[in-house]
Amino acid sequence: MKLISFIFTFLFLQTCSQTKKPINTATMENPITKNNPYYSRTDRTKLNVPNSEWKKILPEHLYAVAREAATERPFTGKYNDFDELGEYYCAVCGNHLFRSDAKFSSTCGWPSFFEADKQGTAYHRDSSFGMERIEVVCKRCDSHLGHVFNDGPPPTGMRYCMNSVSLDFVPDSEKK
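As summarised here, the arrangement of the six strands in space is 3-4-8-7-6-5, forming an open sheet in which the pairing is antiparallel. One side of each edge strand has no neighbouring strand; the edge strands of this open sheet are strand 3 (103-104) and strand 5 (121-126). As defined by bridge partners, strand 7 (residues 144-149) adjoins strand 8 (residues 159-162) across four bridges and the pair is classed as antiparallel. By the bridge assignment for strand 8, His147 is matched with Cys161.

Here is the structure:
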């Protein structure tokens, strides 16, 4: 029975795992945006900020995921079991990424969406960890968000498996 449990855990974690050691972010908050001069929810201008600058601005846990492609431990992110209506933005630069009505319960351990903002996301081939995957990054600041898989629900059939720490949420109730 222990072998079966180990195999299941191994296969489960491979689905959305990264090459870096997972970090626990359940109690971590996203950065205070007032300390980040590049953060804007309206400016979509491409940023070309060196990692040395991001390292000075971003909290360590966000830097590890967004700039070094680390990952959160499964089921620990603040948006994994979260269902408020609103918008999701890049926690690094404020770029719009997802709408909450595209979020679904995938049970993979990370917040999942079936559709992304096409103007907010970009994609890179990721051959790390002995797998072929598609990495999802913020189109404005090129920060790592997670990966996209073709095993999601209709209408797109896609599953954007994201790290909560890379996301910043604004509820509809705060919109003006």
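And the narrative resumes.
A few words on the nonpolar core. Counting 32 residues, the largest nonpolar core has Trp54 and Phe98 as the members making the most contacts within it. Of all the elements in the fold, those that place two or more residues in this core are helix 2 (51-57), helix 3 (60-68), strand 1 (86-90), strand 2 (96-99), strand 6 (133-138), strand 7, strand 8 and strand 9 (167-171). For this core, the element with the highest residue contribution is helix 3, accounting for five residues. Contact partners of Phe98, with chain neighbours within four places excluded, come to Glu87, Tyr88, Phe113, Glu115, Ala116, Tyr160, Met162 and Leu167.

Here we take up the sheet that holds strand 1. Reading across the sheet, the three strands line up as 2-1-9 and stay open at both edges, with antiparallel pairing between neighbours. At either margin of the open sheet sits one strand with a lone partner, and together these are strand 2 and strand 9. Going from strand to strand, the sheet's axes swing by 30 degrees on average, the running direction of each strand aside. As paired strands, strand 1 and strand 2 are joined by three bridges and run antiparallel to one another. Residue pairing for strand 2: Tyr89 is matched across the bridge by His96.

As for its position among the elements, Arg133 is in strand 6. A polar contact is formed between the side chain of Arg133 and the side chain of Ser128, at a distance of 3.2 Å.

It is a general feature of regular strands that their side chains alternate between the two faces of the sheet. Burial analysis of strand 9 places five of its five residues in the buried class, which makes it a mostly covered element. Going residue by residue along strand 9, you find Leu167, Phe169 and Pro171 tucked away on one face and Asp168 and Val170 tucked away on the opposite face as well. Pairing analysis gives five bridges linking strand 1 to strand 9, with the strands arranged antiparallel. Residue pairing in the sheet places Glu87 in a bridge with Val170 of strand 9.

Definitions and limits used
- Residues numbered from 1 in each chain as written.
- Predicted model: local features only at pLDDT ≥ 70, side-chain atom pairs only at ≥ 80, totals over all residues.
- Heavy atoms only, no water.
- Pairing = 2+ DSSP bridges.
- Helix = DSSP H or I, 4+ residues; strand = E, 2+ residues; numbered from the N terminus.
- Core = buried A, V, L, I, M, F, W, Y, C linked by side-chain atoms within 4.5 Å.
- Buried < 20%, exposed > 50% of the residue type's maximum accessible area, 1.4 Å probe, protein only.
- Contact = heavy atoms within 4.5 Å.
- Axes fitted to C-alpha atoms, helices over the stretch in contact; angles between N-to-C directions.
- Polar contact = N/O pair within 3.5 Å; in protein donor to acceptor, adjacent residues only side chain to side chain.

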